[in-house]
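Structure at a glance
Residues per chain are reported as follows:
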Amino acid sequence: MSDTEQPVVDQETPEKGKHQRQRKTDTKKKPVSKKKEKAQQREHERLKAATATFNRFYENEFGPERWPVLLEAMKKPVRHCMMMNKYAHPEDVLAKLTPLKDDLRSLDFLSIPCYASTLPRFPHPSKDRANITDCYILDAGSVLATEALDIQPHDRVLDLCAAPGGKSLAILQRLSDYGNLTVNEISPDRRRRLRQVMDNYVPPKVAQEHVNVLGKDGTRFYHDPEQYDKVLLDAPCSSERHLLHDEKEFEQWTPKRTIQNAKRQLSLLKAASYSVNVGGYVVYGTCSISSAENDKVVDRMVRKGKVPMEVVHMSWPMGEKTENGWIILPDRSDGWGPLYFSLLRRTGVSKEGEWNDDEEEDDEEEEEEVEEKKPKKKSSKSKK
Ligand SMILES: C[S@@+](CC[C@H](N)C(=O)[O-])C[C@H]1O[C@@H](n2cnc3c(N)ncnc32)[C@H](O)[C@@H]1O
């Protein structure tokens, strides 16, 4: 799922990856040493190979007609929206929005005030009279994922992979004085950013009484069994759209990466399911387009049944229905996404002591699936 926070992005100019910047300097045609030339050649070959593998893999997923269209849409800059912060003073917020009213479009399908903009740039978030920041810029798809949890004012909520905190903030917008939110983040640097977001957006009294920041490994989050009404698992994932804008990261991509991610995602989903009440809900989400990281993770969670979970099939205002959830893809959703999410409900108590017994067997199963997908030389045919 998308890890977007306060990007100062130009909405119309494509984000310039290092690759694009590199090309610009290359056109100056300085004499290049043989050694440098060879290094450039190797770099070029690596990129070409990664591009070919990437395209083959996802053409297999989406079919030869859809994939090029989706790829082009993903190369465009991510579309953002402006989520208003309910803790900011209403008069200050009104003063900010009034001059912008012709450029903002309210996203009415969301339950918290969010705006899309026709401006090339969103206005910067600013401080209200009490030093609370008034708005947060994020991918609108991200708000949709938290909407799926249908947060009630009194809910006890866990955000298991929370930094930098856009979705935690979206959850807080719906909680009242009776609810509380636990935000967890493993990375110390990112946790610092998360705390900063909480400090900037949430009044100290609310943060003190209703927000709990933890730094645990989410795959081992087993100390709070059946403690939460709702759990958001916005899982670390392949983030293919971001990869397309970062040449160095993109070069590292192989189909194995999606399988490694899927393993970690399943461990996180198990812990999330263990933490939710019987009858409570987990939203599992990613910003990956790989079904191995999306429907298949949910499938394996439900199939294993050690914490009994069922998929809740619901209707949704945007995106495409998948086997276990919804996916919002930028070629068909006005530039938003990618975002996958699935809503799961816990249906019973967990069976103690049987947690990890057949994980190894599962992992081998998945590795085989990827190996099988490798096409033979030069075959451009896909299964769809
Ligand atoms: C997709 S991002 C979350 C974005 C966040 N929900 C938001 O809306 O701002 C995933 C986060 O999970 C964290 N993470 C990765 N592995 C983790 C683990 N084992 N336990 C907890 N957090 C983890 C990453 O550091 C990253 O910050």
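Worth saying up front: this structure is predicted, and the values here are computed from it rather than measured. (Residues numbered from 1 in each chain as written. Predicted model: local features only at pLDDT ≥ 70, side-chain atom pairs only at ≥ 80, totals over all residues. Heavy atoms only, no water.)

**A short note on the pairing of strand β8 (residues 228–234)**
For clarity, the threshold we go by: Only protein chains enter the calculation, and the probe is 1.4 Å; a residue is then buried if its accessible area is under 20% of its type maximum, exposed if over 50%, and partly exposed in between. We count a stretch as a helix when DSSP gives it H or I for four or more residues in a row; a strand needs E for two or more, and each element gets its number in order from the N terminus. A pair of strands is considered paired only if DSSP assigns at least 2 bridges between the two.
The buried count for β8 comes to seven of seven residues, which makes it a mostly enclosed element. Relative to β8, strand β5 (residues 156–159) is paired through three bridges, and the arrangement is parallel. Bridging across to β8, Val-157 finds its partner in Lys-230. Sheet topology note: the β8/strand β9 (residues 276–286) ladder contains six bridges and is parallel. Bridge pairing links Val-231 to Val-282 in β9.

**A word on the site of the ligand**
This is how the line gets drawn: For this description, a residue counts as near a given molecule or strand if any of its non-hydrogen atoms is within 4 Å of it. Contacts described as polar in this section are N or O atom pairs within 3.5 Å, which, within protein, must combine one atom able to donate a hydrogen with one able to accept it, while residues neighboring in sequence count only if both atoms come from side chains. The Shrake-Rupley method, run with a 1.4 Å probe sphere, supplies the accessible areas, and residue values consider only the shown protein chains as cover. Each residue is assigned to one class: nonpolar for Ala, Val, Leu, Ile, Met, Phe, Trp, Tyr, Cys and Pro, charged for Asp, Glu, Lys and Arg, and polar for all the others, Gly among them.
Taken together, 21 residues lie near the ligand, and Glu-185, Arg-190, Asp-217, Gly-218 and Asp-234 sit nearest. The contact in question runs from an oxygen atom of the ligand to an N or O atom on the backbone of Gly-165, over 2.9 Å. At 3.0 Å, a side-chain N or O of Lys-167 approaches an oxygen atom of the ligand. Relative to its unbound accessible area of 610 Å², the ligand is 92% covered by the protein chains. Secondary structure elements with two or more residues in the shell around the ligand: α5 (166–172) and α10 (255–275). When its residues are assigned to classes, the shell around the ligand shows 10 nonpolar, four polar and seven charged.

**Points about the environment of Ala-50**
Short version of the rule: By definition in these notes, contact holds between two residues if any of their heavy atoms fall within 4.5 Å.
Tracing the backbone shows Ala-50 in helix α2 (residues 34–75). You can call Ala-50 buried: its relative accessible area is 6%. Sequence-wise, Ala-50 and Ser-267 are 217 residues apart; in three dimensions their C-alpha atoms are separated by 28 Å. If sequence neighbours within four positions are ignored, Ala-50 has contacts with Phe-250 and Glu-251.

**Some details on the packing of aromatic side chains**
Threshold: Classification of ring pairs uses Phe, Tyr and Trp, with its six-membered ring standing for Trp, and accepts pairs whose centres are within 6.5 Å; under 30 degrees between planes counts as stacked, over 60 as edge-to-face, and the remaining range as tilted. Look at NZ for Lys and CZ for Arg. If either is within 6 Å of the ring centre and within 35 degrees of the ring normal, a charge sits over the ring.
As enumerated under the stated definition, the model contains 14 aromatic pairs in all. Measuring from ring centre to ring centre gives 5.8 Å for Tyr-58 and Trp-253, while their planes differ by 40°; the resulting arrangement is tilted. Of the two residues, Tyr-58 sits in helix α2 while Trp-253 sits in the loop between α9 (247–251) and α10, which places them 195 residues apart along the sequence. Assessed through its relative accessible area of 0%, Tyr-58 is described here as buried. Judged by centre distance (6.4 Å) and plane angle (65°), the rings of Phe-109 and Trp-336 are edge-to-face. A residue pair is termed long-range when its members are at least 10 positions apart, and Phe-109 in the loop between β2 (104–106) and β3 (114–117) and Trp-336 in the loop between β12 (326–328) and β13 (339–346) qualify at 227 residues. Of the aromatic side chains, those joined through ring pairs into one cluster are Phe-54, Phe-57, Tyr-58, Phe-62, Trp-67, Phe-250 and Trp-253. The ring centre of Trp-336 lies 4.9 Å from the NZ or CZ of Arg-79, which sits over that ring.

**Overview of the sheet that holds strand β1 (residues 80–84)**
What counts here: Inter-axis angles, ranging from 0 to 180 degrees, are taken between N-to-C directions of lines fitted to C-alpha atoms, where helices are fitted over the stretch in contact.
Pairing in this open sheet of four strands is antiparallel, and the strands run β2-β3-β1-β4 from one edge to the other. The open sheet has two free edges, formed respectively by β2 and β4 (135–139), since each of these has just one partner strand. Between one strand and the next, the sheet's axes are offset by a mean angle of 35°, whatever the strand orientation. As paired elements, β1 and β4 share five bridges and run antiparallel to each other. By the bridge assignment for β4, His-80 is matched with Asp-139.

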